[in-house]
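Structural overview
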Amino acid sequence: MNQKEILNHPLFMGLNEDTLPKALELFICIQKVFPKGQTIFHSASKTETMGFVLEGRIQIESSDYWGNKTIIDNLGKGKVFGETYALTGRSLMVDVIALEESKIMFLNPKNIFLHNDDEVTSILIKNILVVSMNKNLHFSQRIFHTNSKTIRGRLLAYLSSCAPSKAPDAEFDIPYDRQQLADYLQVDRSALSAELSKMKADGLIDYWKNHFKLLHQD
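Residue positions are given per chain, counted from 1 along the sequence in the order it is written. Given that the model is predicted, a residue must reach a pLDDT of at least 70 before its local features are reported, and side-chain atom pairs must reach 80 or more before they are shown or counted; all residues, however, enter totals for whole chains, interfaces and linings. Only heavy atoms go into the side-chain values, all of them from the structure, while hydrogens and water stay out.

Here we look at the pairing of strand β8 (residues 102-107)
With 5 of 6 residues buried, β8 is to be regarded as a mostly interior element. Taken together, the 5 bridges between strand β1 (residues 30-34) and β8 define a ladder with antiparallel strand orientation. Residue Phe-34 lies in a different strand from β8, and its bridge partner there is Ser-102. In this scheme, strands are said to pair when DSSP sees at least two bridges between them. Here a helix means four or more residues in a row that DSSP labels H or I, a strand means two or more in a row labelled E, and each is numbered from the N terminus. In this sheet, β8 lies alongside strand β3 (residues 50-55) in antiparallel orientation, the contact comprising 5 bridges. Bridge assignment links Met-50 to a residue of β8, and that residue is Leu-107. Per-residue accessibility, obtained with a 1.4 Å probe over protein chains only, is compared with the maximum for each type, and a residue is labelled buried under 20%, exposed over 50%, and partly exposed between these values.

And the structure:
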């Protein structure tokens, strides 16, 4: 990300080219590149920093005692993660994995609250709270995606939320392959693929790999 993109990000909204350096200094920024497949944050560990994806894509996932994996989220350029754990000091309940080579900027949000004495810190504190609340809303949406008892119901809820508009024949890409989508919706991959084929035959959707089209029905 370039400076202009960073300044347009909700986390830095209200700052300018003159005040951004101070903000980054207050955050005690450190950048690191992670190769594909490397774990960025480990479950059960603690972190004082939140992550800001400058380049690449990461995945947030949870595994139970027997190794069954649930995908919580898939985040690309400009997304932030780990802010709640960094602020509360609680142990992570998830793993964060680099899906491709990713450049991450680590920020220490607690340090901002220790220097609440000027306009820059006031702006950053407000922005952190707004970003955190929006993330909570985003994760709440996942409840609707997995609430249905049927695979079709879960697919309809998820795909509807991905559509850029309610216009007929909306087209879009999703960030998951079939296994990842099954893990996200907490269903069996084979059953998911079978249901997608049925939905296509029923004229509800069309798709090619991770590109979907929602079909209008008269």
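Quick notes on the side chain of His-145
Among the structural elements, His-145 can be located in helix α5 (residues 119-146). When its relative accessible area of 4% is taken as the criterion, His-145 is described as buried. Aside from chain neighbours lying at most four places away, what touches His-145 is Arg-154, Ala-157, Tyr-158, Ser-161, Tyr-184 and Leu-185. Throughout, a residue-residue contact means that at least one pair of heavy atoms, one from each residue, lies within 4.5 Å.

Here we look at the pattern of salt bridges
We count a salt bridge whenever a side-chain nitrogen from Lys or Arg sits within 4 Å of a carboxyl oxygen from Asp or Glu. Evaluated as defined, the whole model comprises 7 salt bridges. Salt bridges sharing partners connect three or more residues here, namely Arg-152, Glu-195 and Asp-202.

Brief notes about the environment of Lys-200
Assignment of secondary structure puts Lys-200 in helix α8 (residues 189-201). In this structure the C-alpha to C-alpha distance between Lys-200 and Leu-214, which are 14 residues apart in sequence, comes to 9.6 Å. Setting aside its immediate chain neighbours within four residues, Lys-200 contacts Ile-205, Asp-206 and Tyr-207.

Focus: the sheet that holds strand β6 (residues 80-81)
With antiparallel pairing, the 4 strands of this open sheet are ordered in space as β1-β8-β3-β6. Both outer strands of the open sheet, β1 and β6, are each paired with one neighbouring strand and no more.

Some remarks on the nonpolar core
Generally speaking, nonpolar side chains in soluble globular proteins are found buried as a group. Residues Leu-11, Phe-12, Leu-15, Phe-27, Phe-52, Leu-107 and Leu-124 are the most contacted members of the largest nonpolar core, which totals 22 residues. Discounting residues that sit within four places of it in the chain, Phe-52 has contacts with Met-1, His-9, Leu-11, Phe-12, Gly-78, Lys-79, Val-80, Phe-81, Lys-103, Ile-104, Met-105 and Leu-107. The term nonpolar core refers to a set of buried residues drawn from Ala, Val, Leu, Ile, Met, Phe, Trp, Tyr and Cys, joined through side-chain atoms within 4.5 Å. Listed in part, the 21 residues of the second largest apolar core include Ile-174, Leu-181, Tyr-207 and Leu-214.

Things to note about a nonpolar patch on the surface
A patch is a set of surface residues, each over 30% in relative accessible area and not in a salt bridge, joined within 9 Å for like charges and within 5 Å for the nonpolar side chains Val, Leu, Ile, Met, Phe, Trp and Tyr. Each accessible area is a Shrake-Rupley estimate made with a 1.4 Å probe; only the visible protein chains count as cover when residues are assessed. Residues Phe-113, Leu-129, Val-130 and Met-133 make up a contiguous nonpolar surface patch of about 350 Å² in total accessible area. When residues in the nonpolar patch are grouped by element, the largest group, 3 residues, is from α5. Within the secondary structure, Phe-113 sits in helix α4 (residues 109-113). Its relative accessible area of 37% is what places Phe-113 among the partly exposed residues.

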